[in-house]
Amino acid sequence: AQIRTLDLQLMILIQTLSRRSQLENALIVITSDHGDYLGEHDLISHGEGLYKELLDVPLIIRRPGGKGAGIERRPMSMVEIPAIVLSEIPLDRLELEPDHRAHMERLARRHQDWEDGFVVSELYLSDNNPDALHSGGIAIQRDGFKFIASHRGEVLFDLESDPRELIDVRHRHR
């Protein structure tokens, strides 16, 4: 039902932009904050774990005029989204203070810096007290490997040979 609702809302957005002759100038970004487990790794929903089922969410970007279409296979971080959006804005058309302009220009270039970097994901869990947060874990992904450290322990996955993240290879890389 959620996917159907999202599809309907996206259709309304695209039709409205098209009807107003603004679709060709629009930057549309669609993503999610997390995925869900459906039994993988003996987990249900999204309360714990930092496996791909939770972290691999869609990131769909439709640039103005549909330029730059393609599929990006590298892992990306949500912190890249503001930089991607800013890279599409002609900053010279905005009235900004010099310090603000310099900061926005740095941020707009930022997503290029992450292309060869690593992706960090964090999970915070509540222990029945919404004001008392403690770290549920951290995952670091780079060069085809993913390391997870959490209250469940530590694991290292070779994502090329084990894309489902089932085999801990820490013993091979000490």
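All figures in this text were calculated on a predicted structure; none of them were measured in a lab. (Residues numbered from 1 in each chain as written. Predicted model: local features only at pLDDT ≥ 70, side-chain atom pairs only at ≥ 80, totals over all residues. Heavy atoms only, no water.)

A. Broad picture of the nonpolar core. Counting 11 residues, the largest nonpolar core consists of Tyr-37, Leu-43, Leu-50, Tyr-51, Leu-54, Leu-123, Ala-139, Ile-148, Val-155, Phe-157 and Leu-159. Not counting residues up to four positions away in its chain, the partners in contact with Ile-148 are Leu-50, Tyr-51, Ile-138, Ala-139, Gly-153, Glu-154, Val-155 and Phe-157. (Core = buried A, V, L, I, M, F, W, Y, C linked by side-chain atoms within 4.5 Å. Buried < 20%, exposed > 50% of the residue type's maximum accessible area, 1.4 Å probe, protein only. Contact = heavy atoms within 4.5 Å.)

B. Examining the pattern of salt bridges more closely. Counted by the stated rule, this structure contains 4 salt bridges. Here Glu-165 makes a salt bridge to Lys-146, at a shortest N to O gap of 3.0 Å. One end of the pair, Glu-165, is in the segment after β8 (153–158); the other, Lys-146, is in strand β7 (residues 145–150), and 19 residues separate them in sequence. Asp-168 is the partner of Arg-170 in a salt bridge, and the nearest nitrogen-oxygen pair spans 2.8 Å. Its relative accessible area of 23% is what places Asp-168 among the partly exposed residues. (Salt bridge = Lys/Arg side-chain N within 4 Å of Asp/Glu carboxyl O. Helix = DSSP H or I, 4+ residues; strand = E, 2+ residues; numbered from the N terminus.)

C. Just the environment of Gly-144, in detail. The residue Gly-144 is located in the loop between β6 (133–142) and β7 in this model. Taking the C-alpha atoms as reference points, Gly-144 and Asp-162, 18 residues apart in sequence, are found 9.9 Å from one another.

D. Inspection of a nonpolar patch on the surface at higher detail. On the surface, Phe-118, Val-120, Ile-138 and Ile-140 cluster together into a nonpolar patch covering about 300 Å² of accessible area. With respect to the helices and strands, Ile-138 occurs in strand β6. (Patch = residues over 30% accessible without salt bridge, like charges linked within 9 Å, V, L, I, M, F, W, Y side chains within 5 Å. Areas by Shrake-Rupley, 256 points an atom, 1.4 Å probe, with all protein chains shown as cover.)

E. Quick look at the pairing of β8. Bridge count for β7 against β8 is 6 bridges, and the pairing is antiparallel. Paired with Ser-150 across the two strands is Gly-153, which belongs to β8. Connecting β7 to the antiparallel partner β8 that follows it, the hairpin turn spans 2 residues. (Pairing = 2+ DSSP bridges.)

F. Spotlight on unusual backbone geometry. With phi around 60 degrees, Ser-21 is a residue other than glycine that occupies positive phi space. Under the relative-accessibility criterion, Ser-21 is labelled exposed at 62%. Not every positive phi belongs to a glycine, and Asp-143 is a case in point at roughly 50 degrees. Mapped onto the elements, Asp-143 comes out in the loop between β6 and β7. Asp-143 sits in the exposed class, given a relative accessible area of 61%.

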